[in-house]
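# Chain and residue survey
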Amino acid sequence: MSRLVNYFYGRMVGSVIPVSWVAPKPLRADELSIAKGRLQFEIVSHCWQYSHMLIYQLSSLVNHLPASMDFTYTLCYSPDDAGTCALVDHFDKLDIPNLKWNWQPLQKERLFRRAIGRNEAATATTANWVWFSDCDTIFHENCLASVEKAIQGQQEPLLFPCRERITMMLPLSHDLFSKDDTDIELLDIDTQLFEHNDITKAKGAFQIVHGDVCRKLGYCRTLKPYQKPTAHWRKTFEDTVFRKLIGSQGKPIDVDGLYRIRHIEKGRYADNSALSSMRKKIRTTVD
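So, a few notes on the structure that sits alongside this text. (Residues numbered from 1 in each chain as written. Predicted model: local features only at pLDDT ≥ 70, side-chain atom pairs only at ≥ 80, totals over all residues. Heavy atoms only, no water.)

## A few points about helix α6 (residues 143-151)
A turn of α-helix holds 3.6 residues, and therefore any two residues three or four places apart point the same way. Counting buried residues in α6 gives seven out of nine residues, a clear majority hidden from the surface. For α6, every residue scored as buried is listed here: Cys 143, Leu 144, Ser 146, Val 147, Glu 148, Ala 150 and Ile 151. Positioned one or two residues after α6, Gly 153 has a phi angle of 75°, which is positive. (Buried < 20%, exposed > 50% of the residue type's maximum accessible area, 1.4 Å probe, protein only. Helix = DSSP H or I, 4+ residues; strand = E, 2+ residues; numbered from the N terminus.)

Here it is, written out as structure tokens:
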């Protein structure tokens, strides 16, 4: 049934079936507000058993946050994930003048359907722009400052960064990953481990969405299959559908200092399972 749902919404809606049959009419670009003055910017991230990468994202916000914008960092996570909870407890004690920590603990069945958390964040946001990201993304030096420069005066539903720097596929045993959740400290990356990669479309982790669009349409808010809790992590097919519903595939913008850790082990698969082993082999071979 899941494949049929994804095929229906991913292939039929917006081509055979009008978007207006399943969702509110998208906002036109000229209907979007143009933010003036000091901007409000929100980053929305998800984490399930990826605390060894999340710590780099959280550290990058503390280390490289520009003072010229006000930020909200929203993290959807599960109380059943001890490593992530330890990070939340630690970073919540750090007081950054222009950063609001917005921790969103969810039952893991709700976390596993990423559109649920993204929809709740989208409908509740007060920001001018919202970056829907993943926890393996690092906002390094000049990243968010260059985003601020790029979004000034923009009247687009969706923007995305045109480039990033990525690692090769790293095993959990790599020196980059800290395994000690009891001694948490701010970490920085060795930028020499990363190489240039062009971003040619607004993928799930690279969607910078206008706040007006978020508040009106949410994140696949009207599509019940994508708002239904699930017993295991679901692949994020809804990202493609989301872009159809808002009527935009995104406009590229010039962003510096965006880094991403690529990893072999997937937190959503059980350790040492046949599926986990197969996925590791496929990801390593493709890389």
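## Overview of the pairing of strand β1 (residues 40-46)
With six of its seven residues buried, β1 lies for the most part within the structure. Bridge count for β1 against strand β2 (residues 70-77) is seven bridges, and the pairing is parallel. Opposite Glu 42, over in β2, you have Thr 72 as the bridge partner. One crossover worth recording links β1 to the parallel β2 by way of helix α2 (residues 51-64), and it is right-handed. With four bridges connecting them, β1 and strand β4 (residues 129-132) associate as parallel partners. Directly across from Ile 43, in β4, lies its bridge partner Trp 131. (Pairing = 2+ DSSP bridges. Right-handed = clockwise from strand over helix to strand, strands pointing away.)

## Some details on the nonpolar core
Of all hydrophobic cores here, the largest spans 83 residues; its most connected members are Phe 41, Tyr 73 and Trp 131. Counting residues per element, this core draws most heavily on α2, at six residues. Each residue touching Tyr 73, except ones within four places of it in the same chain, is listed here: Ile 43, Ser 45, Leu 54, Gln 57, Leu 58, Leu 61, Leu 99, Lys 100, Trp 101, Asn 102 and Trp 103. (Core = buried A, V, L, I, M, F, W, Y, C linked by side-chain atoms within 4.5 Å. Contact = heavy atoms within 4.5 Å.)

## Section: α2
In this model α2 runs 20 Å from its N-terminal to its C-terminal C-alpha over 14 residues, within 8% of the 20 Å that 1.5 Å per residue would give. Of all the 14 residues making up α2, 12 are buried; the element is thus mostly covered by neighbouring parts of the structure. Those residues of α2 not exposed but buried are Ser 51, His 52, Met 53, Leu 54, Ile 55, Tyr 56, Gln 57, Leu 58, Ser 59, Ser 60, Leu 61 and His 64. Each element contacted by the buried residues of α2 is listed here: β1, β2, α3 (82-91), β3 (99-105), β5 (137-139) and α6. (Expected span 1.5 Å × (residues − 1).)

## Details of the sheet that holds β3
Strand order in the open sheet made by the seven strands is β3-β2-β1-β4-β9-β6-β10, with mixed pairing throughout. If you trace the sheet from one side to the other, it starts and ends with β3 and β10 (251-253), each paired once. Each adjacent strand pair in this sheet contributes to an overall mean axis angle of 25°, direction not counted. In the sheet, strand β6 (residues 158-161) pairs with β10 via three bridges, with the strands oriented parallel. The residue bridging Leu 159 from the neighbouring strand is Lys 251, located in β10. (Axes fitted to C-alpha atoms, helices over the stretch in contact; angles between N-to-C directions.)

## Focus on the packing of α2 against α3
Running from N to C, α2 and α3 cross one another at 20°; their axes reach a closest spacing of 9 Å. In terms of orientation, α2 and α3 fall into the roughly parallel class. In terms of crossing hand, the pair formed by α2 and α3 is right-handed. Only Gly 83, Thr 84, Leu 87 and Phe 91 of α3 make contact with α2, whose side of the interface consists of Ser 51, Leu 54, Ile 55, Leu 58, Ser 59 and Val 62. Class assignment for the residues of the contact of α2 with α3 results in six nonpolar, four polar and no charged. (Parallel < 35°, antiparallel > 145°, perpendicular 65-115°, else oblique. Left-handed = near helix turned anticlockwise from the far one by under 90°. Nonpolar A, V, L, I, M, F, W, Y, C, P; charged D, E, K, R; others polar.)

## Topic: the packing of aromatic side chains
Taken as a whole, this structure holds 13 aromatic pairs when the rule is applied. Summarising the aromatic geometry, the rings of Phe 112 and Trp 233 are spaced 6.3 Å apart at their centres and angled 65° between planes, so their arrangement reads as edge-to-face. With Phe 112 in the loop between α4 (108-111) and α5 (114-124) and Trp 233 in the loop between α7 (211-217) and α8 (238-245), this pair connects stretches of sequence that are 121 residues apart. The residues Phe 112 and Trp 233 share a single accessibility class, namely buried. (Phe/Tyr/Trp six-rings, centres within 6.5 Å; stacked < 30°, edge-to-face > 60°.)

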